Amino acid sequence: MTFKNFIGGKWVPAESGETFQNINPADREDIIGEFPASGPADVEKAVAAAKKAFDGWRKTPAPRRGEIIFRAGELMKARKEEISRAMTREMGKVLKETRGDTQEGIDTAYIHGAEGRRLHGFSAPCEMPNKAGWTVRAPIGVAGLITPWNFPMAIPTWKSFPALVSGNTVVFKPASDVPHTGDLFAEILMEAGVPEGVFNLVHGGGGSVGNAIVKHPDTRIISFTGSSEVGRGINSIGGDMLKRVSLELGGKNAQAVMEDADLDLAVEGVLWGAFGTTGQRCTATSRLILHKKIKDEFISRLLEKVNALKLGNGLDETSEVGPLINPGQVDSVHGWVEIAKEEGAKVISGGEPATEGNLRKGCFYKPTLLDG
């Protein structure tokens with residue numbers, strides 16, 4: 001299938017006419033579709049549509065805006081399994097996780113749908129005689145929202161629903177590894193009743209589309225989730241242009257296990273923290289700090305569990321760990337393992353791509369433990 005951008009309430013191709021392929025990371029022979037390789041000209045059209053729609057949307061009563069978002073949550077609930085399976089096919093994580101990802105979007109719709117009735121201001125005593133002071137909440141304008149590939153439905157809802165309920169209009173760029181879930185999200189908002197131009201979807205890369213959104217003079221809010229390096233650049237540009245900037249960036253998280261811990265519970269925590277979403281989370285457990293008295297026993301228990309994890313296509317209900325998002329990520333992970341080995345670390349499990357059987361068709365890497 002060939003997909004399009006969603007601008008001003010219409011599905012339109014990229015101005016260039018160029019496309020890129022969306023490929024299943026569990027099976028690189030499975031082409032999900034062709035998506036528009038957009039650029040600054042497409043962003044210009046989307047921002048213009050959002051700016052044009054802003055006045056009518058901000059004047060729509062906040063409770064009405066909230067009702068539309070609540071309706072989007074109901075539509076997501078009805079299509080939960082469809083969305084989750086599409087997400088697993090293009091992103092790779094197992095169905096248990098994509099169902100949770102979709103449920104987060106549903107819950108976010110319900111939370112922020114209700115906020116449409118709670119956009120309260122407040123009054124304050126005034127120091128001058130015969131004067132009154134109060135505040136009201138007012139929307140800012142066009143919000144440029146740039147989201148990553150690891151939570152393809154949850155994170156777009158976290159960014160979009162508060163912006164829309166507050167009366168802002170949106171230009172949304174999903175990660176180019178997960179464009180289909182972005183399309184499904186746009187379909188749901190359109191069906192829920194979001195007016196033309198209020199929500200716009202532009203596909204494409206960060207360099208061509210993301211930068212154009214950040215630098216456009218008419219995007220007054222920027223929300224980005226991704227690497228710290230890119231985030232620094234966005235913050236610099238946004239700050240210089242006096243935009244409201246929200247950043248959710250990388251992490252290097254540690255789990256510490258003390259000598260009196262419940263070791264079985266702690267092992268389960270490591271398995272989920274380190275290998276859930278194939279480790280592709282800013283909150284992933286990438287460092288394990290063990291009390292010396294329990295280290296050997298803990299590692300023994302952990303190794304048994306790690307070596308038993310089943311890698312496979314996330315659409316298989318028995319799979320526990322899916323693929324990495326693309327071949328470049330496989331190379332990146334393996335590169336870091338090699339650097340660790342050069343610096344003195346010892347590989348005690350994994351440490352190489354998984355190529356057995358059908359795994360060779362996808363972007364699989366063995367769950368890896370490094371000591372030292």
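These lines cover the structure that appears in this document, whether it is placed above or below. Computed from a prediction, not measured in an experiment: that's the story for all the values here.

A few points about the nonpolar core
Judged by nonpolar contacts, the single largest core of 33 residues is most densely connected at F161, L164, L189 and F199. Top element by residues in this core is helix α6 (residues 179-192). It accounts for six residues. Ignoring anything within four residues of it in the chain, the contact list for F161 reads I69, A72, M76, G105, T108, A109, H112, F185 and L189.

Describing the packing of helix α2 (residues 62-78) against α6
Running from amino to carboxyl end, α2 crosses α6 at an angle of 125°, the nearest separation of the two axes being 8 Å. It follows that α2 is oblique to α6 by the angle criterion. As for the relative orientation of α2 and α6, their crossing is right-handed in sense. Together, I68, I69, R71, A72, L75 and M76 of α2 and I188, L189, E191 and A192 of α6 make up the contact between the two elements. Grouping the amino acids of the contact of α2 with α6 by side-chain chemistry returns eight nonpolar, no polar and two charged.

A word on the pattern of salt bridges
Counted by the stated rule, this structure contains 24 salt bridges. We note a salt bridge from E81 to R99, for which the minimum N-O separation is 2.8 Å. Remark: R99 occurs in helix α4 (residues 95-115) and E81 occurs in helix α3 (residues 80-91); sequence separation between them is 18 residues. E297 is the salt-bridge partner of R301, the closest N and O atoms lying 2.4 Å from each other. You can see R301 and its partner E297 sitting in helix α10 (residues 295-308), four residues apart, about one turn around the helix. Judged by its relative accessible area of 28%, R301 is partly exposed. For E297, a relative accessible area of 40% puts it in the partly exposed group. Taken together, the shared-partner salt bridges connect E81, R85, R99 and E317 into one network.

Criteria and thresholds
Residues numbered from 1 in each chain as written. Predicted model: local features only at pLDDT ≥ 70, side-chain atom pairs only at ≥ 80, totals over all residues. Heavy atoms only, no water. Core = buried A, V, L, I, M, F, W, Y, C linked by side-chain atoms within 4.5 Å. Buried < 20%, exposed > 50% of the residue type's maximum accessible area, 1.4 Å probe, protein only. Helix = DSSP H or I, 4+ residues; strand = E, 2+ residues; numbered from the N terminus. Contact = heavy atoms within 4.5 Å. Axes fitted to C-alpha atoms, helices over the stretch in contact; angles between N-to-C directions. Parallel < 35°, antiparallel > 145°, perpendicular 65-115°, else oblique. Left-handed = near helix turned anticlockwise from the far one by under 90°. Nonpolar A, V, L, I, M, F, W, Y, C, P; charged D, E, K, R; others polar. Salt bridge = Lys/Arg side-chain N within 4 Å of Asp/Glu carboxyl O.

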